[in-house]
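Residue-level listing of the chains:
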Amino acid sequence: MPKPGKRRKFSAAEKLRIVREAAACTQRGDIEPLPRREGIYSSLLTAWRKQLALHGSEALPRRKPGRKPKQDAIEWVKA
């Protein structure tokens with residue numbers, strides 16, 4: 001386990017592995033130890049599943065932290 005206070009960063013391959021492992025759980029109660037073992041909250045697993053379902057595996061790679069870049073005037077007019 002990482003040190004307390006350190007934010008963990010998951011690669012797209014790790015996220016995909018965890019989501020696939022969760023999908024392989026077929027019986028009731030099989031999925032409960034998975035987030036505990038991986039050290040994640042179940043809500044994070046749910047978010048990864050949703051991203052995968054909506055956008056495919058392209059949505060799983062990490063994003064840069066921080067605010068989204070502001071649109072300039074030309075992009076704003078096009079939108």
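Scroll up to find the structure.
Residues numbered from 1 in each chain as written. Predicted model: local features only at pLDDT ≥ 70, side-chain atom pairs only at ≥ 80, totals over all residues. Heavy atoms only, no water.

Chemist: Before we go on, may I ask you to explain the overall build of the protein in this structure?
Modeler: A count of helices and strands for the protein gives four helices and zero strands. Sequence-ordered secondary structure for the protein, helices as α and strands as β, is α-α-α-α. Per-residue burial over the protein gives 18% buried out of 79 residues. In the protein, the proportion of contacts linking residues at least 24 apart, taken out of those at least 6 apart, comes to 49%. Carbon together with sulfur atoms contributes 54% to the accessible area of the protein, which is approximately 7200 Å² in total. (Helix = DSSP H or I, 4+ residues; strand = E, 2+ residues; numbered from the N terminus. Buried < 20%, exposed > 50% of the residue type's maximum accessible area, 1.4 Å probe, protein only. Contact = heavy atoms within 4.5 Å. Areas by Shrake-Rupley, 256 points an atom, 1.4 Å probe, with all protein chains shown as cover.)

Chemist: I keep staring at the nonpolar core and nothing clicks. Help me out?
Modeler: Counting ten residues, the largest nonpolar core consists of Phe10, Leu16, Ile18, Val19, Ala22, Leu34, Ile40, Leu45, Trp48 and Leu60. At the level of secondary structure, the elements contributing two or more residues to this core comprise helix H1 (12–23) and helix H3 (42–55). (Core = buried A, V, L, I, M, F, W, Y, C linked by side-chain atoms within 4.5 Å.)

Chemist: In this structure, what is going on with H3? I would like to understand it.
Modeler: An α-helix turns once every 3.6 residues. As a result, residues three or four positions apart point the same way. Here H3 contains 14 residues, and its C-alpha end-to-end distance of 20 Å stays within 8% of the 20 Å for a straight helix at 1.5 Å per residue. After H3 finishes, the residue glycine 56 shows a positive phi value of roughly 75°. (Expected span 1.5 Å × (residues − 1).)

Chemist: I tried to follow the packing of aromatic side chains on my own but got confused; where do I start?
Modeler: For any pair of aromatic rings, geometry is given as the distance between the ring centres together with the angle between the planes. Inspection of the entire model under this criterion finds one aromatic pair. With a centroid separation of 5.1 Å and 70° between ring planes, the pair formed by phenylalanine 10 and tryptophan 48 is classed as edge-to-face. Taken as a pair, phenylalanine 10 in the segment before H1 and tryptophan 48 in helix H3 lie far apart in primary sequence, 38 residues in all. Per residue, the accessibility class of phenylalanine 10 equals that of tryptophan 48, and both read buried. (Phe/Tyr/Trp six-rings, centres within 6.5 Å; stacked < 30°, edge-to-face > 60°.)

Chemist: Teacher, can you tell me more about H1 here?
Modeler: Between its terminal C-alpha atoms H1 stretches 16 Å, which fits the 16 Å expected from twelve residues at 1.5 Å a residue. Lys15, Leu16, Ile18, Val19 and Ala22 are the residues of H1 that are buried. Each buried residue of H1 lies within a common arc of 165° when the element is viewed along its axis, so the set occupies one face. Facing away from the buried surface of H1 by more than 90 degrees, the exposed residues are Ala13 and Arg20. Residues of H1 that are buried sit in contact with helix H2 (33–38) and H3. (Arc of directions from axis to C-beta.)

Chemist: What's the story with the pattern of salt bridges in this structure? I'm lost.
Modeler: Think of it this way: side chains of opposite charge can pair up when their charged atoms draw near. Applying the stated rule across the entire model yields three salt bridges. For glutamate 21, the salt bridge goes to arginine 17, with nearest N and O atoms at 3.5 Å. Placement of both glutamate 21 and arginine 17 in helix H1 is noted, with a separation of four residues, approximately one turn of the helix. Of the charged contacts in the structure, one is a salt bridge between glutamate 21 and arginine 37, with a shortest N-O distance of 2.2 Å. Residue glutamate 21 is found in helix H1, and its partner arginine 37 is found in helix H2; the two are separated by 16 residues along the sequence. (Salt bridge = Lys/Arg side-chain N within 4 Å of Asp/Glu carboxyl O.)

Chemist: Can you help me understand the environment of arginine 20 in this one?
Modeler: On the secondary structure map, arginine 20 appears in helix H1. Separated by 29 residues in the primary sequence, arginine 20 and arginine 49 have C-alpha atoms spaced 9.1 Å apart.

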